Amino acid sequence: MSRVVLGVLVIALLASAVDARPHRKRRRGTPVAQRFAQPLDRAATAAVRYGALTPDACAAELVARQIPHVAEAADGIAQPVRLQGPLHGVTFRASVREADRAASPYELADCRLVLALDDLAQILAAHDVVEVVHYSMYRRPRGAGKSSEHHAGLAIDVGHLRRADGSTLTVLDDYHGRIGAPSCGPRARPRRPTAATRALRAITCAIAEGYLFNVVLTPNFNRAHRNHLHLDLTVGARWFIVR
């Protein structure tokens, strides 16, 4: 996620902070900013705790959890690793040929993101998901352009969720969102409420409510996210955004 986008999101978060006046009157024509409850103890959330880990502390936690991985080298990643097997029965793989996976940069991640994925896998397993197909975790930095959590291996763009019954939930085809609409909560209403849409949105909101990531972006955010869920850890942040 670029720093420009992050700035927009922070402004939106500040504008939408929950206060003691839930029924405050608005001037006609003023857009309703999406609200998302911030946890009372932010320091205790997985995202904040993982973001604060040192490379050595994170590596020790990977070992303690017995997460299958190998350490690798990658520019911009504090503690680069590559998963070597499923997490809680859920496989995370990039949308590349099987023969290319072992060397694909898209399957590299910061150790801290892998801890979040380990937690995420437990949520997905509860929804019968057995495989996550993503577009990338790590992306190599290119010059002095826009910075992104992907450049630090701290983000994942989820495109498809394959379930134990053989069916697949696809963000592009099943989310049925609308730019600017709420992603979670009672006002979150898809354009087409199919069974797949309800399942995909239930998973999305379970992820958000777990506070595993500082940022959850859906097709409701903008057109660039129409085909994936962007999940990222923003190191040092103590806020959460769901759009």
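The preceding data block contains the structure.
Residues numbered from 1 in each chain as written. Predicted model: local features only at pLDDT ≥ 70, side-chain atom pairs only at ≥ 80, totals over all residues. Heavy atoms only, no water.

Section: the sheet that holds strand β4 (residues 108-110)
Taken in spatial order, the three strands make up an open sheet running β1-β2-β4, and their pairing is antiparallel. Unpaired on one side and paired on the other, β1 (69-71) and β4 mark the two borders of the sheet. Ignoring strand direction, the axes of neighbouring strands in this sheet form an average angle of 40°. Taken together, the three bridges between strand β2 (residues 80-83) and β4 define a ladder with antiparallel strand orientation. Looking across to β4, one finds that V81 is bridged to A109. (Pairing = 2+ DSSP bridges. Helix = DSSP H or I, 4+ residues; strand = E, 2+ residues; numbered from the N terminus. Axes fitted to C-alpha atoms, helices over the stretch in contact; angles between N-to-C directions.)

Concerning the state of the cysteines
Per the stated rule, a full pass over the model turns up two disulfides. Two residues share a disulfide in this structure: C58 and C111, whose sulfurs sit 2.0 Å from each other. Taking the sign of the S-S torsion, -105° for the link of C58 and C111, the bridge is left-handed. Of the two residues, C58 is situated in helix α3 (residues 55-64) and C111 in helix α4 (residues 111-126); the sequence distance between them amounts to 53 residues. For the pair C58 and C111, one class covers both residues: buried. Sulfur-sulfur distance for the disulfide between C184 and C205 comes to 2.1 Å. Judged by the sign of its S-S torsion, about -105°, the bond between C184 and C205 is left-handed. Within this pair, whereas C184 is found in the loop between α5 (171-174) and α6 (195-209), its partner C205 is found in helix α6, the two being separated by 21 residues in sequence. Judged by its relative accessible area of 14%, C184 is buried. Assessed through its relative accessible area of 12%, C205 is described here as buried. (Disulfide = S-S within 2.5 Å. Buried < 20%, exposed > 50% of the residue type's maximum accessible area, 1.4 Å probe, protein only.)

A look at the environment of P182
Its place among the elements puts P182 in the loop between α5 and α6. P182 sits in the buried class, given a relative accessible area of 19%. Sequence separation of P182 and N220 is 38 residues, and the distance between their C-alpha atoms is 7.2 Å.

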